[in-house]
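Tertiary structure, described
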Amino acid sequence: MTSIIIACLLAIMLIAAAIVFSIYSSAAKKETFDRTKLATSSFQIEVFDENGNLITDKNQYNNQHININDLNPQTTAAFISIEDKNFYNHSGVNYKRMLKALIKNITSGKVKEGASTISQQLIKNTHLSSERTYERKIKEIFLAKEMERQVSKDDILESYLNVIYFGNNIYGIENAARFYYSKPASELNLQESAMLAGIIKSPGSYCPINKPEKCISRRNLVLSEMFKDGKISEDEYSTAKLSELNLNINENFNNGQNSYSQAAIDEACKILNLPTKQIALGKYKIYTYQNPDKQNALEKAITDKLGDVGKNDIAGISINNSTFGVEAYFGKSTFSILNSKRQPGSIIKPLLVYGPAMNENKISPSTMILDDKIDINGYSPENVTKTYSGYVSVREAVAKSLNVPAVKTLSYVGIDKAKRYAERFGIEFDKEDNGYALALGGMTYGTDLLTLTNAYSSFANNGKFKTACFIKEIKDKNNKTIYTSQQPYDQILREDANYLTLETLLESAKTGTARRLNDLPYQIASKTGTVGKGESNSDAYNLALTTEDCVGVWVGNLKGEEIGSITGGILPTYVVKDYFKSIYSKHTPKDFEIPSSITEVEIDSLELENNHIVVKANDFIPERYKQKELFSKFNLPKEISNNFLEIQAPTLTGKVENGNVILEFDSENYLKYDLYKIENNKAKLIKSFDGISGKLNYTAPFGKNKSEKYYLKTKIKNYATGQEIESEPSKTIELIKTSKNTVVSEKSDKWYI
C-alpha cells in the first residue's frame, strides 16, 4: 500500500515537473549560447568614483590561464569525481541526478539541489544569473546541451577549471594554485588537487585558511570518491587522507580583494545576482560613493603605520554620515577582510548595551554603577586592569571601557531585548549567543568592520540607521541605469537616547581610552576595543565619528595568530587621528546638535558622591554642590534632594582668656553665620561669617559688664528666589568675668576654667 502511495506521489511530481518544464522551455530556447564567453580568460570591470572617474584599482581577473593538457591527470580527476562523475559520458545534463534532485526540490518546495554537471556550472558562470529558480535551471539545461554540441569535452573542462571560483577572490585553478600553494597548477599533487576540488562547492564554508578542519573533511571526501572511481590506488588514498593541508600562501599574490573597487564589485554581484565574470562580460558599469581625497587620506594614514602593524592585518573604512555611502576603504591582508567576522570586543557596548539602556530609560550618563567583582551563574567578568573602581558613572564606564558596568547594564535591559536592538544595527548573532559575555563582545562568530562602522554612523544621524553601501548606481552596456541605491531608514534609538549615548562617546575621546584624539579642534565621538589579554591580543579597534564622517579602523590577524600588545587606544586611534587631520585640514566639521528632547538638570553632587544616586538639586543647595547633567525628557530624575532643606545653628563654645572673649564653632563654607551679642536684653549682630570651612574662632575684648551673652544663627540662600532663610538660634552662652578668668555658660552646663 505504501509503495502505491509513493508511486502516485512520484507520478504527480513528475507531471508537475513536466508542466514547469513546458512553461519555461519556450523562454529558455530563446537564450543564445556564446562561445566567446568561454574563451575570455581575463576580464575587466569598470568601477567609478563619486565624480564619475575610473578607479584605478586592480579589477582584472583570471590573468593566469592553463591548458588542460598541462595539468596532472589526478587534478582533473579530482574535479570530475566530486562534481560530475559521468562528465565524459553525458551530453551536458545528467538526467538521473536531476530526477533525484527534482524530487527533493518538489517535496521541499524550494530549489535546494541543482545536480548540475560541469557543463551546466560553466554555463551558469558565463551566461546566467546565480538565482535559484526553475526558469534559470531550464535555461541552464538548454544552453549546456547546446554548448556540448559545439565544444569538445576537454575544452569545456578547461574553460570550467579556468573560470571557477576558489574563494579569497581567486578565479581559475592556475591562480588558485599560485595563491594557496605558491606553485603553478601543473605541479599540484594529489592532496592539493583534492583540496582545491573540494572547496569550490562553498569556498566560504571550506576555506582552508579559516576553516581547515572542514576543508580537510571535504578534501577527504574528494579522495574517497576518487578511490571509488578507480582514479587512485588504496595506498594513495590512505596516505593522502592523513596528510596536512600544507598550505604555502603566497603573501605577494595580488588578488586585489581588499581594495575599494573589489568591495564594490562584490556588492554588485549581490545586487545583480550575477557572478563576477558575467558582470565583466556584460560590460556593466559600477558607480560608487568613493571620495578620491578621502580614499587617498585613508590609504596614507594606514600605510604610514604599516611599520607598527608588522605581520598583522589592518583595514580602515569611512562612511559619509549624510548618505551612508562608503567613501573610502583600504585594507592590507592576504585574505578578505570585509568578509571576515571578528570578535568586536568593547566596540559593541554602545550598540548592544548602553544605547538600548538609554532608549529603555534604564540609565542616563550620570547614572552610578558599582564596578566591583560579580558572579552571574559562574560568569565573573574582569576589567582589563584586573582592578575595580567602585561607583562610577555610565559616562566614565564607557570612557574607560570598564567591563563590569557593561555587564550590569545589559542585565537591566535583558539579553534578548538588547540583541534585538543590535540586530537592527545589522549585527548577526548565533543561536548560542545568549550569555552576558555578549556585553563585552563575546560572540560565537563575531561581526565585521563594515557592519560596526555602519552602525556607529547612526549616532551621527539622531539614531536613524541605514545600510551603508559602496554602490550609488549601476549602468548596463547601453548606459541605462538598472540600479540606484535607495536604502530605507530605520529609527532604532530615540533622538534623546541616541544623543546621550553619543555624549558618552564624546567623553571617551576627551578623557577615556580614545583620548589621543582630544587635541583635534572639533567634536569627535569615539570608542576603542581590544580583544585579548596583554601581550596576547587578537583584535584592536577604533570607531570614531564627527558630524560628517564615521571611520572604523581594525588591526588583527586573519591567519589566526596573535597581534601582540597592540590595543585599540593606540595604533588604530592614531590611524583615525591622521585620517581626520588630513580630511579636515581645510575646514572644521560642525558640532553635534542637541535634540529638543534633551534637557539640562541640576543634580545634587553630594548625593551622587556619597549615596551614588541621581536626584534633583533643591533651591537651597549651594552652587558648589550642584552639577549640570543632560537627561532625556522621558527619563528625568524623579526625586528631589533633601539636603539643606533643614539647617541648624552649630554649637557655640567660648571662654575668657587674658581679658578677651574667645568664641568657637564649626562652620561650613556653603552656609552663612550671624553672631549675636545680647546687650540690655536686646540682640545685636556683631559679626557675619561666610564661605569658611572648619573650626572658626572669634576674639574680642571683654566688655565692662561682669557677664556677656552670645548666640549664633545660620543662614542659607534660596538660589531660585535669591532670598535667605535662617535657622533657630543656637543655645545662648554666658561668659562671666572673674579674677580667675572664669567662664560660665547658661543653665545647668555652667563650667569654670
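Data block above holds the structure.
The following paragraphs examine the structure supplied in this document. Given the structure is predicted, the values throughout are model-derived calculations rather than measurements.

About the criteria used
Residues numbered from 1 in each chain as written. Predicted model: local features only at pLDDT ≥ 70, side-chain atom pairs only at ≥ 80, totals over all residues. Heavy atoms only, no water. Pairing = 2+ DSSP bridges. Helix = DSSP H or I, 4+ residues; strand = E, 2+ residues; numbered from the N terminus. Axes fitted to C-alpha atoms, helices over the stretch in contact; angles between N-to-C directions. Contact = heavy atoms within 4.5 Å. Expected span 1.5 Å × (residues − 1). Buried < 20%, exposed > 50% of the residue type's maximum accessible area, 1.4 Å probe, protein only. 1 Å grid on protein atoms, 1.4 Å probe; cavity = no way out; pocket = protein on both sides within 12 Å on 5 of 7 lines; lining within 4 Å. Points joined across faces, edges and corners; volume = space filled by probe spheres on them. Nonpolar A, V, L, I, M, F, W, Y, C, P; charged D, E, K, R; others polar. Core = buried A, V, L, I, M, F, W, Y, C linked by side-chain atoms within 4.5 Å. Disulfide = S-S within 2.5 Å.

Further remarks concern the pairing of strand 11 (residues 481-484). Sheet topology note: the strand 10 (residues 471-475)/strand 11 ladder contains three bridges and is antiparallel. Looking across to strand 11, one finds that Lys475 is bridged to Thr481. Counted between consecutive antiparallel strands, the loop separating strand 10 from strand 11 contains five residues, among which Asn479 sits at a positive phi close to 65°.

Pairing within the open sheet is mixed, and its four strands lie in the order 2-4-10-11. The open sheet has two free edges, formed respectively by strand 2 (46-48) and strand 11, since each of these has just one partner strand. Each adjacent strand pair in this sheet contributes to an overall mean axis angle of 20°, direction not counted. In this sheet, strand 4 (residues 285-288) lies alongside strand 2 in parallel orientation, the contact comprising three bridges. Counted as the bridge partner of Phe48 is Tyr287 from strand 4. Helix 12 (residues 260-272) contacts strand 2, strand 4, strand 10 and strand 11 of the sheet and is inclined by roughly 65° relative to strand 10.

Attention now moves to helix 21 (residues 495-511). The terminal C-alpha atoms of helix 21, which comprises 17 residues, lie 24 Å apart, in line with the 24 Å expected from a rise of 1.5 Å per residue. The buried fraction of helix 21 amounts to 13 of the 17 residues, a majority that puts the element mostly inside the structure.

Pairing analysis gives four bridges linking strand 4 to strand 10, with the strands arranged antiparallel. Bridge pairing in strand 10 links Lys285 to Lys475.

What follows is about unusual backbone geometry. Phi at Lys386 takes a positive value of approximately 60°, unusual for a residue other than glycine. Of note, Lys386 is situated in the loop between strand 7 (368-371) and strand 8 (390-393). Located in the positive-phi region is Asn479, a residue other than glycine, with phi close to 65°. Residue Asn479 is classed as partly exposed on the basis of its relative accessible area, which comes to 42%.

This part is about empty space enclosed by the protein. For the structure on display, the rule yields two cavities of 30 Å³ or more. In this structure, the largest cavity encloses a volume near 60 Å³. Residue lining of the largest cavity: Ile337, Ser340, Arg342, Thr447, Asp448, Leu449, Tyr541, Trp554 and Leu558, and that is the complete set. In terms of residue class, the lining of the largest cavity is made up of five nonpolar, two polar and two charged.

Let us look at the environment of Tyr354. Along the chain, Tyr354 falls in helix 16 (residues 349-359). Considering only alpha carbons, one finds Tyr354 and Leu500, 146 residues apart in sequence, at a separation of 9.3 Å.

With that settled, the discussion passes to the layout of surface pockets. With a probe scaled to a water molecule rolled over the atoms, the places where space remains empty come into view. In this model, the second largest pocket occupies a volume close to 1000 Å³. Forming the boundary of the second largest pocket are 34 residues, of which Asn383, Val384, Asn403, Thr530 and Gly532 lie nearest the centre. Considering each element in turn, the lining of the second largest pocket owes the most residues, six residues, to strand 13 (residues 525-533). Tallied by class, residues from the lining of the second largest pocket come to six nonpolar, 22 polar and six charged.

Time to look at the nonpolar core. Buried together is how nonpolar side chains tend to be arranged in soluble globular proteins. In this structure, Phe166, Tyr180, Leu196, Tyr329 and Phe470 are the most contacted members of the largest nonpolar core, which totals 142 residues. When residues of this core are assigned to their parent elements, the largest contribution, seven residues, is made by helix 12. Setting aside chain neighbours within four positions, we find Tyr329 in contact with Asn258, Ser259, Tyr260, Ala263, Gln295, Leu298, Ala315, Gly316, Ile317, Ile337, Leu338 and Phe470. Within the second largest apolar cluster, 28 residues are counted, among which are Val309, Val575, Val576 and Tyr579.

Turning to the state of the cysteines, a few remarks are in order. Within the structure shown, the criterion is met by zero disulfides. Distance from the sulfur of Cys207, which forms no disulfide, to the nearest cysteine sulfur (Cys215) is 7.5 Å. Its relative accessible area of 6% is what places Cys207 among the buried residues.

Functional significance is not addressed by these values, which are geometric in nature.
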